[in-house]
Amino acid sequence: MGSYRRIDCIFFSEFHPTLGPKITYQVPEEYISRELFDTVQVYIITKPELQNKLITVTAMEKKLIGCPVCIEHKKYSRNALLFNLGLVCDARTKTCALEPIVKKLSGYLTTLELESGFISNEESKQKLLPILSTLLEELNVTGACTLPIDDSNTIHLKLIEQRKDPLVVQEYDVPVFTKNKDHFIKSQWDLTTQQILPFVDGYRHIQKISAEADVELNLVRIAVQNLLYYEVVTLVSIFQYSNVYCTTPKVQNLIDKKCLQEECIHYVSKLGQRTNLRDVFQLYCGLTPGTTVRDLCSRYSHQLQRVDERKLIQFGLMKGLIRRLQKYPVKVVRDERSRPPRLYTGCHSYDEICCKTGMSYKELDERLENDPNIVVCWK
Amino acid sequence: MYKQWSVDLNADAKLMWKQSESSLQPNGEKTSPISVILVSSGSRGNKLLFRYPFQRVSENTSSATSKQRSPYALNTSGDSIEDQDGDSREQTPLTDEQLVAGFSDIILATILATKSDMCGKKFELKIDNVRFVGHPTLLQPPHTIQANADASVINCMHNLSRRIAIALQHEERRCQYLTREAKLMLAVQDEVTTMTETDGTPQSPFRQILPKCKLARDLKEAYDSLCTTGVVRLHINNWLEVSFCLPHKIHRVGGKHIPPEALERSLKAIRPYHALLLLDNEKALLAQLPLDCSPALVRLIKTCSAVKNLQQLAQDADLALLQVFQIAAHLVYWGKAIIIYPLCENNVYMLSPHANICIYSPLAEQFGLQFPGHDLPSMLAKFSLPVSLSEFRNPLDAPVHEAQLIQMVVWMLQRRLLFQLHTYVCLLVPPVEEEPGLREEEPPLVTRVTGRSLSTPSALSFGSPTSSDDMTLTSPSMDNSSAELQTGGDSPLNKRMTETLLASLTEHERQAILRVPAAQNPEDLRLFARLLHYFRGHHHLEEIMYNENMRRSQLKTLFDKFRSVLVITNHEDPIISLFQSPPD
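- In the nomenclature of an unreviewed UniProt entry, chain B is known as GATOR complex protein NPRL3 of Sinocyclocheilus rhinocerous.
- Of the comments in the UniProt record for chain B, the one headed Sequence similarities (unreviewed entry) reads "Belongs to the NPR3 family."

- Where an unreviewed UniProt entry is consulted, chain A appears under the name NPR2 like, GATOR1 complex subunit, with the organism given as Sinocyclocheilus grahami.
- The record held by UniProt for chain A lists under Sequence similarities (unreviewed entry) the comment "Belongs to the NPR2 family."

In structure tokens:
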């Protein structure tokens, strides 16, 4: 709940049979100036085409979000009841997360009116003022609000964080927990996720998890994507001693950020041991194009006495200190008669090809080494 | 029979861009407008003057498909708010047309014709999945853009709105241009309405407006350009030029756009030793410039080269360095150039992780045409391991091959297939645990990292901003050059300077450095101490060379001598790597 999503005011506006569009209640009082309302009223109490739409209008340094409602019935003067319960924020606020709240509120009020004339009845309408107050306070402080209105209706609202769409999960990706797995109450997750959780160890890739947990591949993919969305896991690549990595500019973060240093040393040290910053940094810097992890192990055996190389690589990938260099075979020469290459186009890495065809790296290497028409790019 | 419509001189006109919010459209779509709309409001009411693309009028029921809607129907189904669960199921996205069709001409005229007190400021209105952005002013056109778009995209669209608006306002004052165009538009609309009434076949009035009305054509062109290249160049009334670029469209690497703020930050960090690499050839670029462009720009384009750094460029083009920086930033912003380190044989290049190495890519084809007999994947494979240009060359090759090689490297750099690796150095002394009793507590200096434990040596950390500000943009820091300290030998002055420079280290670090055999040589120690502030992993070799006026071999020798307290790594320069790949 950041202050950047602060709601400055909640208002209830309606079309009065004689006075026209007006603000009946607003919390805090007098927040919306006469001038502001005049400017935007056409977007608050609207023509029929705009009703039931989420409308956000920006004016005079403020953003107003509302959803105009129209309920038609003979019993109303002018045969229709028009109202709008909206929020006011600063113009720079990112208000996407507030939109579902507004929509839900308009739904609640509509239901209340249809069931018991909550709004058209002058007496019950007055209850709106304390309701608006409570809403404003609770949404700003906790981001959630549960408010019983009458015997049969309770308002439940929650501000949901907007997140980026997660990456597509490939079968050769390896999910690794960013937080300690044990911190989660497993029973809160769905069944599929619970079933695969024991196999998410930061080393098994999606295909392997699917096989060992006996869960269909696509279900595993979706479950992991869900975990990715909530930033509970991140994806790294399959670990092999033949892998090649190199440093990124972010490796300097290890020097600049004390907390990262601590986290790293804690993560990569062997059980019961504690390594030091120089050794770890030397190891990361020892990862260069052309150097395999196996090479690293033989060159830096002293530093690796206290470091688990698999954890070292894992941490480096998770924090973006290093990146994996993948091999991409490309068929460059072919005669007219042969089929166009399907996998050796430069678009598919060894990881992907091996996963899809079931070959091991060694087998693929042997196959391609002797083919003069194929070059291999690393990137 | 035509009704005469007149547009008041005091009327408001708005040109609106409309964009959809659908997050299911591919990324490119979020930066394109759905539609451009021109609305006027005055004493005679609100009127929609023009919109593009045209709304498709529903066909006769006999040929209607289930998706056809009457232009006046509201679009209610399928307007799902973006899926917050990140569900990757494919939903049928609403076509832009359907979204636009949901807003009739009349309703658009009503909602977009704002009150006069909203004039002169950015106007932003979001209705469900559609966002309108514009700049209503007296006689000024607004735009509408996507609800889901980045705030910076919105700002850019608003910017374009405003520019067109300013041009229109100017032309209106000068020769009532907008009034005339608006009259034309309304007249045509009227004609079409009359014809529809008599013929019975519905037609879009806006289609008829296009051939008759220059402003409509300009608006259509702006829309089309924004959707494709992201570069807009119009001549309002064939007179005033309005040019604009949407950086989000231009700066796309690896499928993601580079946000303008990141771009601007990088541009501010450019140094005089960087070079400007044009992305087009000189002739093509010069042809694109407007007639009244600055002669400095022309001179710069003619003089720049991949082997020349900005400082040399300033001298050769007879411009101030600051001016060169500004023009360079301008060219980069417009997607016409990128910043690199000047080409030289010691440069080490590697394949960029974002490079498209597919044999079917258009790049592969272009490469084959440009350099017959060579194919791109084979060339790229050679850069799989970092390779310097000097290693790459075959000394037995004819000079023409070498020239071609340079051309190929430049070609690949322009298409962001390669990036350059630089060497970065970091001071990290071995830890103390081997000698537990010797550590002395030092009063912590403000610039040091605090709270170290016994067994963890701290890396040298210069948190204070002033030390890094020595690297000024405008001139190499001659103060730190070797000139002063060349008095040689063990003079007390020199010794004291060395001591001062080493004073900011901890006792443990100082001891470790002094234990290095090379530290016995006062010259070496002095040099090391002087360069100490570069050894925190943020300054690459070439920068040290430039700032300190030193040769590469000198530095490399020094690093070698002190390797027991230094850690060296190679990676791309984060400042200019922005141009190679987008930030995370």
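Side note on the overall build of chain B
Stage number 1. The number of helices and strands found in chain B is 22 helices and 17 strands.
Stage number 2. Counting all 584 residues of chain B, 53% fall into the buried class.
Stage number 3. In chain B, the proportion of contacts linking residues at least 24 apart, taken out of those at least 6 apart, comes to 69%.

Details of the interface of chain B and chain A
Stage number 1. In this assembly, 73 residues from chain B lie in contact with 66 residues from chain A.
Stage number 2. Our count for the chain B to chain A interface comes out at zero salt bridges.
Stage number 3. Counting across the interface, chain B meets chain A through ten residue pairs in polar contact (both at pLDDT 80 or more).
Stage number 4. Broken down by element, the side of chain B that touches chain A gets its largest block of residues, seven residues, from strand E17 (residues 566–572) of chain B.
Stage number 5. Among the residues making up the side of chain B that touches chain A, the classes are represented as 39 nonpolar, 20 polar and 14 charged.
Stage number 6. Bridge analysis of strand E3 (residues 55–59) of chain A against strand E4 (residues 123–127) of chain B gives four bridges, and the strand direction is antiparallel. Counted as the bridge partner of A:Val57 is B:Leu125 from E4(B).

A short note on the environment of B:Ile359
Stage number 1. Mapped onto the fold, B:Ile359 is located in the loop between strand E13 (348–351) and helix H13 (362–370).
Stage number 2. Between the alpha carbons of B:Ile359 and B:Phe244 there is a distance of 35 Å; along the sequence they are 115 residues apart.
Stage number 3. Among residues more than four places away in sequence, those in contact with B:Ile359 are A:Val330, A:Lys331, A:Pro341, A:Tyr344, A:Thr345, B:Ala364 and B:Pro377.

Overview of the nonpolar core
Stage number 1. If you look at the biggest cluster of nonpolar residues, it comprises 64 residues, and the most contacted ones within it are B:Phe50 and B:Ile111.
Stage number 2. If you tally residues by element for this core, the top one is helix H4 (residues 177–199) of chain B, at seven residues.
Stage number 3. Other than its neighbours up to four places away in sequence, B:Phe50 contacts B:Val36, B:Ile37, B:Leu38, B:Met185, B:Gln189, B:Phe206, B:Ile209, B:Leu210, B:Ala216 and B:Leu219.
Stage number 4. By size, the runner-up hydrophobic cluster in this structure holds 38 residues, among which are A:Phe83, A:Leu85, A:Phe118 and A:Ile155.

Considerations on the environment of B:Glu391
All names here are of chain B.
Stage number 1. Turning to its location among the elements, Glu391 is positioned in helix H15 (residues 389–392).
Stage number 2. Using a relative accessible area of 57% as the deciding quantity, one classes Glu391 as exposed.
Stage number 3. Distance from Glu391 to Tyr546, taken between C-alpha atoms, is 23 Å for residues 155 residues apart in sequence.

Notes on unusual backbone geometry
Residues other than glycine predominantly adopt negative phi, and peptide bonds predominantly adopt the trans conformation.
All names here are of chain A.
Stage number 1. In the segment running from Val27 into Pro28, the intervening peptide bond is cis, with an omega of 0°.
Stage number 2. Locating Pro28 in the fold gives a position in the loop between strand E2 (20–27) and helix H1 (34–44).
Stage number 3. In the Ramachandran plot, Glu61 falls in the positive-phi region, its phi being about 65° despite a non-glycine side chain.
Stage number 4. Within the element layout of this structure, Glu61 appears in the loop between E3 and strand E4 (62–66).

Focus: the UniProt feature "domain: GATOR1 complex protein NPRL3 C-terminal HTH" (unreviewed entry) in chain B
Stage number 1. Summarizing the sequence annotation, UniProt attributes the feature "domain: GATOR1 complex protein NPRL3 C-terminal HTH" (unreviewed entry) to residues 506–567 of chain B in the numbering used throughout.
Stage number 2. The straight-line gap between the two end C-alpha atoms of residues 506–567 of chain B is 18 Å; of that span, 60% is helix and 11% is strand.

Focus: the packing of aromatic side chains
The relation between two aromatic rings is expressed through the spacing of the ring centres and the mutual angle of the planes.
Stage number 1. Within this structure, the stated rule accounts for 13 aromatic pairs over all chains.
Stage number 2. Between B:Phe528 and B:Phe562, the ring centres sit 4.2 Å apart and the planes meet at 25°, which makes this aromatic pair stacked. Taken together, the residues B:Phe528 in helix H20 (residues 522–531) and B:Phe562 in the loop between helix H22 (552–561) and E17 connect sequence positions 34 residues apart.
Stage number 3. Counting every residue linked through ring pairs, the aromatic cluster contains B:Phe528, B:Phe535, B:Phe559 and B:Phe562.
Stage number 4. Sitting above the plane of the A:Tyr267 ring, A:Lys311 keeps its charged end 4.8 Å from the centroid.
Stage number 5. Here the guanidinium or amino end of A:Lys379 rests over the ring plane of A:Tyr328, the centre of that ring lying 5.2 Å away.

A few points about H20(B)
An α-helix turns once per 3.6 residues; consequently, residues spaced three or four apart project the same way.
Residue and element names in this part refer to chain B.
Stage number 1. With eight of ten residues buried, H20 lies mostly within the body of the structure.
Stage number 2. Turning to H20, its buried residues number three or more, namely Asp524, Leu525, Arg526, Leu527, Phe528, Ala529, Arg530 and Leu531.
Stage number 3. Two or three places before Glu523, at the opening of H20, Asn521 has a side-chain oxygen 2.9 Å from that residue's backbone nitrogen.

Quick notes on the packing of H20(B) against H22(B)
All names here are of chain B.
Stage number 1. Interhelical geometry of H20 versus H22 gives an angle of 100° and a closest axis separation of 11 Å. The pairing of H20 with H22 is recorded here as roughly perpendicular in orientation. Note on element contacts: H22 touches H20 through Leu555, Leu558 and Lys561, opposite Asp524, Leu527, Phe528 and Leu531.
Stage number 2. Grouping the constituent residues of the contact of H20 with H22 by class yields five nonpolar, no polar and two charged.

Side note on the domain arrangement of chain A
Stage number 1. Structurally, chain A comprises domain 1 (5–156), domain 2 (171–235), domain 3 (242–323) and domain 4 (325–376).
Stage number 2. For domain 3 of chain A and domain 4 of chain A, the distance between their C-alpha centres works out to 31 Å.

As for the pairing of strand E16 (residues 536–540) of chain B
All names here are of chain B.
Stage number 1. Burial analysis of E16 places four of its five residues in the buried class, which makes it a mostly covered element.
Stage number 2. Bridge count for strand E15 (residues 418–427) against E16 is two bridges, and the pairing is antiparallel. Along E16, the bridge assignment pairs Cys426 with Arg536.

A closer look at H22(B)
All names here are of chain B.
Stage number 1. For H22, the full list of buried residues reads Arg552, Leu555, Leu558 and Phe559. All buried residues of H22 lie within an arc of 130° about the axis, which places them on one face of the element.
Stage number 2. For H22, the elements touching its buried residues are E15, H20, helix H21 (541–548) and E17.

As for the confidence of the model for chain B
Interpreting fine coordinate detail is not advised for predicted regions of low pLDDT.
All names here are of chain B.
Stage number 1. Summary statistics for chain B give a mean pLDDT of 70 and a share of 65% for residues scoring 70 or more.
Stage number 2. Mean pLDDT across the secondary structure elements of chain B bottoms out at helix H17 (residues 465–468), with 28, and peaks at E17, with 94.
Stage number 3. When the criterion is pLDDT under 50, residues 1–16 qualifies, and its contacts beyond four places in sequence or with other chains add up to 73 contacts.
Stage number 4. For residues 56–98, every residue scores under 50 in pLDDT, and the model assigns this stretch 60 contacts once sequence neighbours within four places are set aside.
Stage number 5. This prediction of the complex comes with two scores: 0.72 for pTM and 0.77 for ipTM.

Quick word on the pattern of salt bridges
Stage number 1. Counted by the stated rule, this structure contains 24 salt bridges over all chains.
Stage number 2. A salt bridge links A:Lys327 to A:Asp365; the shortest N-O distance between them is 3.0 Å. With A:Lys327 in strand E13 (residues 327–331) and A:Asp365 in helix H14 (residues 361–369), this residue pair connects regions lying 38 residues apart in the sequence.
Stage number 3. Judged by its relative accessible area of 16%, A:Lys327 is buried.
Stage number 4. With a closest N to O distance of 2.8 Å, B:Glu171 and B:Arg174 form a salt bridge. Here B:Arg174 and B:Glu171 lie together in helix H3 (residues 151–175), a separation of three residues that amounts to about one turn.
Stage number 5. Where salt bridges share partners, they join A:Glu14, A:Glu122 and A:Lys125 into one cluster.

What about the environment of A:Glu171?
All names here are of chain A.
Stage number 1. Within the secondary structure, Glu171 sits in the loop between strand E8 (153–158) and strand E9 (173–177).
Stage number 2. We classify Glu171 as buried; its relative accessible area is 13%.
Stage number 3. Counting along the chain gives 33 residues from Glu171 to Arg204, while the straight-line C-alpha distance between them is 10 Å.
Stage number 4. Among all residues touching Glu171, those that are not within four sequence positions of it are His205, Ile206, Gln207, Leu217, Arg221, Cys355 and Lys356.

Comments concerning the packing of helix H9 (residues 258–268) of chain A against helix H10 (residues 277–285) of chain A
Residues and elements named next belong to chain A.
Stage number 1. In the contact formed by H9 and H10, the axes pass within 10 Å of each other and the chain directions differ by 80°. By the angle between their directions, the pair H9 and H10 is classed as roughly perpendicular. On H10, the residues that touch Gln261, Cys264, Ile265 and Val268 of H9 are Leu277, Val280 and Tyr284.
Stage number 2. Looking at side-chain class alone, the contact of H9 with H10 contains six nonpolar, one polar and no charged residues.

Rules used throughout
Residues numbered from 1 in each chain as written. Chains lettered and ligands numbered in written order. Predicted model: local features only at pLDDT ≥ 70, side-chain atom pairs only at ≥ 80, totals over all residues. Heavy atoms only, no water. UniProt positions renumbered as here; feature names shortened; annotations may be inferred. Helix = DSSP H or I, 4+ residues; strand = E, 2+ residues; numbered from the N terminus. Buried < 20%, exposed > 50% of the residue type's maximum accessible area, 1.4 Å probe, protein only. Contact = heavy atoms within 4.5 Å. Salt bridge = Lys/Arg side-chain N within 4 Å of Asp/Glu carboxyl O. Polar contact = N/O pair within 3.5 Å; in protein donor to acceptor, adjacent residues only side chain to side chain. Nonpolar A, V, L, I, M, F, W, Y, C, P; charged D, E, K, R; others polar. Pairing = 2+ DSSP bridges. Core = buried A, V, L, I, M, F, W, Y, C linked by side-chain atoms within 4.5 Å. Phe/Tyr/Trp six-rings, centres within 6.5 Å; stacked < 30°, edge-to-face > 60°. Lys NZ or Arg CZ within 6 Å of the ring centre and 35° of its normal. Axes fitted to C-alpha atoms, helices over the stretch in contact; angles between N-to-C directions. Parallel < 35°, antiparallel > 145°, perpendicular 65-115°, else oblique. Domains from an automatic or database assignment. Arc of directions from axis to C-beta. pLDDT = per-residue confidence, 0-100.

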